[in-house]
Amino acid sequence: MKINLEIDITGFQEARKLRLILEHYAHSDIADKTTHLFIESLLQELDEYLANPEFEKFNHSIELDTSFLESEPKGNSLLTKLSSLRRMLTGPGKHELLLSKQRQELIERAERAEIMAFEALSETADVGRQRDETLKKVHQLEEKLNALKQTS
């Protein structure tokens, strides 16, 4: 797998966050051996990306917000632990699945809109070229007409 990030501050920040997530899963006992090997290869690729000389100007000492890595809810009550256990065993609920489906539909709609926008730009460029060619032909015909008027 090849990770393709832009070489700018956004790509740099995304790479650092992705690295944190991968390290979290690399040190957990959730993944099997092949998944660990895959995570290690991704971590190595991210390290190569982050070693880019253009990133030396960015401050590596700024702490990232790692709150998104917290998998356990805050609070240690029995109810919270039972809820967490149920969630781990049953997976996402109906509401979460519905939201995920809606999100995917919105992403697909946005992709279709983007494709349509590019097609419209392409058509606009084609129409512009045709207009320029037509204007050029009109100009040539006007010159020929003027030349014929002068000779007669």
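For every chain, the first residue of its written sequence is number 1, and the numbers climb from 1 along that sequence. Restriction of local features to residues with pLDDT of at least 70 applies here, the model being predicted, together with a cutoff of 80 or more for giving and counting side-chain atom pairs; totals for whole chains, interfaces and linings are based on all residues. Side-chain metrics rest on all non-hydrogen atoms present in the structure, leaving aside hydrogens and water.

## Overview of the overall build of the chain
Note on conventions: DSSP H or I runs of at least 4 residues are helices, E runs of at least 2 residues are strands, and numbering of each starts at the N terminus. Each helix and strand in the chain was counted, giving 4 helices and 0 strands. N-terminal to C-terminal, the α/β element order of the chain is α-α-α-α. When the 152 residues of the chain are sorted by exposure, 16% land in the buried category. A fraction of 70% describes how many contacts in the chain between residues 6 or more apart in sequence connect residues 24 or more apart. We get accessible surface area from the Shrake-Rupley algorithm with a probe of 1.4 Å; when it comes to residues, only the shown protein chains can shield them. Accessible area of the chain: about 13,100 Å², with a carbon and sulfur share of 57%. Only protein chains enter the accessibility calculation, which uses a 1.4 Å probe; a residue whose area is less than 20% of its type maximum is buried, one above 50% is exposed, and one in between is partly exposed. Two residues qualify as a contact provided that any one of their heavy atoms is within 4.5 Å of a heavy atom in the partner residue.

## What to know about the nonpolar core
Counting 13 residues, the largest nonpolar core has Leu5, Ala15, Leu22, Leu46 and Tyr49 as the members making the most contacts within it. Looking at this core, the elements with two or more residues in it are helix 1 (9-26) and helix 2 (33-50). Of the residues forming this core, the biggest block, 6 residues, is contributed by helix 2. Every residue in contact with Ala15, bar those within four places of it in the chain, is listed here: Leu5, Leu46, Tyr49 and Leu50. Nonpolar cores are built from buried Ala, Val, Leu, Ile, Met, Phe, Trp, Tyr and Cys residues. Side-chain atoms within 4.5 Å join them into one set.

## Structural notes on the pattern of salt bridges
For this analysis, a salt bridge means a side-chain nitrogen from Lys or Arg found within 4 Å of a carboxyl oxygen belonging to Asp or Glu. With the rule as written, the count across this model stands at 4 salt bridges. Here Asp126 ties to Arg129 by a salt bridge, and the two come within 2.2 Å at their closest N and O atoms. A residue pair is termed a helical-turn pair when its members lie 3 or 4 positions apart in one helix, as Asp126 and Arg129 do in helix 4 (residues 94-151) at 3 residues. For Asp126, a relative accessible area of 32% translates into the label partly exposed. Between Arg131 and Asp132 there is a salt bridge whose closest N-O contact spans 2.9 Å. A relative accessible area of 49% places Arg131 in the partly exposed class.

## Quick look at a nonpolar patch on the surface
Each patch is built from residues lacking any salt bridge and having more than 30% relative accessible area; the joining distance is 9 Å for like charges and 5 Å for nonpolar side chains (Val, Leu, Ile, Met, Phe, Trp, Tyr). On the surface, a cluster of nonpolar side chains totalling about 580 Å² of accessible area is made up of Leu78, Leu82, Leu85, Met88 and Leu89. Examined against the element boundaries, Leu82 turns out to sit in helix 3 (residues 78-90). For Leu82, a relative accessible area of 49% gives the class partly exposed.

## A word on the confidence of the model for the chain
Within a predicted model, pLDDT stands for the predictor's per-residue confidence, ranging from 0 to 100. Here the chain shows a mean pLDDT of 81. Residues at 70 or above account for 85%. Between the elements of the chain, mean pLDDT differs from a low of 77, seen in helix 3, to a high of 91, seen in helix 4.

## Describing the packing of helix 1 against helix 2
For every element, the axis is a line fit to its C-alpha atoms; helices are fit only across the contacting stretch, and the angle between N-to-C directions ranges from 0 to 180 degrees. Relative to each other, helix 1 and helix 2 sit at 155°, their axes nearing to 10 Å. Regarding the angle of helix 1 to helix 2, the classification is roughly antiparallel. Between helix 1 and helix 2 lies a crossing whose hand is left-handed. Where helix 1 abuts helix 2, its residues Gly11, Phe12, Ala15, Arg16, Leu18, Arg19, Leu22, Glu23, Tyr25 and Ala26 lie against His36, Ile39, Glu40, Leu42, Leu43, Leu46, Asp47, Tyr49 and Leu50. For classification, angles of less than 35 degrees are called roughly parallel, those exceeding 145 degrees roughly antiparallel, those between 65 and 115 degrees roughly perpendicular, and all remaining angles oblique. Handedness of a crossing follows from how the near helix is turned relative to the far one, being left-handed for an anticlockwise turn of less than a right angle and right-handed for a clockwise one.

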